[in-house]
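# What the coordinates show
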Amino acid sequence: MSQHPAPSRSVAGTTAEKPDLELIRAVAGKDRRAFKQLYERYAPRIGRYLLKLLKQPELVDEAVNDTMLALWQSADRFDPATGQLLTWLFGIAHNKGLKTLRRAGRFRADRSIDTLSADVLDGAEDRGQTPQAAAPHGPEQTVLGWELGGILQWALEQLSTEHRSVIELAFGEDLAYPQIAAIVGCPPNTVKTRMFHARKKLAQLLARRGYRDVAAAREE
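Residues numbered from 1 in each chain as written. Predicted model: local features only at pLDDT ≥ 70, side-chain atom pairs only at ≥ 80, totals over all residues. Heavy atoms only, no water.

### A short note on the confidence of the model for the protein
Do not read the predicted coordinates in detail wherever pLDDT is low. The cut-off we apply is this: Residue-level confidence of the predictor, termed pLDDT, takes values from 0 up to 100. Contacts are assigned to residue pairs with any non-hydrogen atoms lying within 4.5 Å of each other.
Confidence in the prediction of the protein, expressed as mean pLDDT, is 76, and 67% of residues score 70 or more. Across residues 1–16, where pLDDT falls below 50, the model places 27 contacts with residues more than four positions away in sequence or in other chains. Predicted confidence for residues 214–220 stays below pLDDT 50, and this span has 15 contacts to residues more than four positions away or in other chains.

Here it is, written out as structure tokens:
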């Protein structure tokens, strides 16, 4: 993947300090300078997310460019009353990424686990495993902080696209469930369910590679 320009540094009294809302309004008026600032501010972050989502570096630039082209063409459609610009942009990037995967014939879904039956949910609740965000210092955060990038990357790549996306948005981008739901286009409860299964699958995969202590901690 080619290197995108680094985000611009803010300098007191310059246009670099313009907030997102001011910039997106300027882009809606076809201000190329404002578009360049938004590109520099968000393209690297979007590119990192898409690299994790697509798993194919050669596909990332296409998806990033599609996302930023949509920003240029549809800036007047952004409504700040419905959420942050970041969430809106990530939603576009997510959809463009999925379209890129489909065109490349590499989209892998696991939709059957998006809905848990009541008895399964009840059983999980009895074991203290209800779908919820990981604790700030829980085992998942510990795993994601390990200097074992190869093993973790291998485990993440075994997940379905839907599962990998919620993991990356929650832990990689530090987004809340409502934001993730808006990005991936599903109800917050579905995000919780996907997260529940994704974390469980990661624990199983890591246990398979010998990290049973962490996997056991996850299942407690």
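### Some words on the nonpolar core
Threshold: Think of a nonpolar core as a cluster: buried Ala, Val, Leu, Ile, Met, Phe, Trp, Tyr and Cys residues, connected wherever their side-chain atoms sit within 4.5 Å. Type-normalised accessible area, obtained with a 1.4 Å probe on protein chains alone, sets the label of each residue: buried when under 20%, exposed when over 50%, and partly exposed for intermediate values. Helix and strand labels come from DSSP, where a helix needs a run of H or I of at least four residues and a strand needs a run of E of at least two; each type is numbered from the N terminus.
Ranked by internal contacts, the top residues of the largest apolar core, which has 52 residues, are Leu38, Ile46, Leu50, Val64, Leu169, Ile180 and Val191. Counting only elements with at least two residues in this core, the list comes to helix 1 (20–28), helix 2 (32–54), helix 3 (57–74), helix 4 (85–104), helix 7 (149–157), helix 8 (161–172), helix 9 (177–184) and helix 10 (188–208). When residues no more than four places from it in sequence are discounted, the contact partners of Leu38 are Asp20, Leu23, Ile24, Val27, Ala43, Met68, Leu71 and Leu85.

### Examining helix 3
Applied cut-off: An expected span of 1.5 Å times one less than the residue number is assigned to each helix.
With 18 residues, helix 3 extends 26 Å between its outermost C-alpha atoms, agreeing within 8% with the 26 Å of an ideal straight helix rising 1.5 Å per residue. All of the buried residues along helix 3 are Leu59, Val60, Ala63, Val64, Thr67, Met68, Ala70, Leu71, Trp72 and Ser74. Buried residues along helix 3 sit in contact with helix 1, helix 2 and helix 4.

### Thoughts on the packing of helix 8 against helix 9
Quick reminder of the rule: To get an axis, fit a line to the C-alpha atoms, keeping to the stretch in contact for a helix; angles then go from 0 to 180 degrees between the N-to-C directions. By definition in this entry, angles of less than 35 degrees are roughly parallel, angles greater than 145 are roughly antiparallel, angles of 65 to 115 are roughly perpendicular, and the rest are oblique. Should the near helix be turned anticlockwise from the far one by less than a right angle, the crossing is termed left-handed; should it be turned clockwise, right-handed.
Relative to each other, helix 8 and helix 9 sit at 135 degrees, their axes nearing to 10 Å. Taken as axis vectors, helix 8 and helix 9 run oblique relative to one another. In this structure, helix 8 meets helix 9 at a crossing whose hand is right-handed. Each of Ser165, Val166, Leu169 and Ala170 in helix 8 lies in contact with helix 9, whose residues at this interface are Ile180, Ile183 and Val184.

### Details of the packing of helix 2 against helix 4
Test applied: Think of it as three bins: nonpolar holds Ala, Val, Leu, Ile, Met, Phe, Trp, Tyr, Cys and Pro, charged holds Asp, Glu, Lys and Arg, and polar takes everything else, Gly as well.
With their axes 10 Å apart at the nearest point, helix 2 and helix 4 run at an angle of 45 degrees to one another. In terms of orientation, helix 2 lies oblique with respect to helix 4. The element helix 2 and its partner helix 4 pack so that their crossing is right-handed. Facing helix 2, whose interface residues are Leu38, Tyr42, Arg45, Ile46, Tyr49, Leu50, Leu53 and Leu54, helix 4 presents Leu85, Leu86, Leu89, Phe90, Ala93, His94, Gly97 and Leu101. Along the lines of polarity and charge, the residues of the contact of helix 2 with helix 4 split into 13 nonpolar, two polar and one charged.

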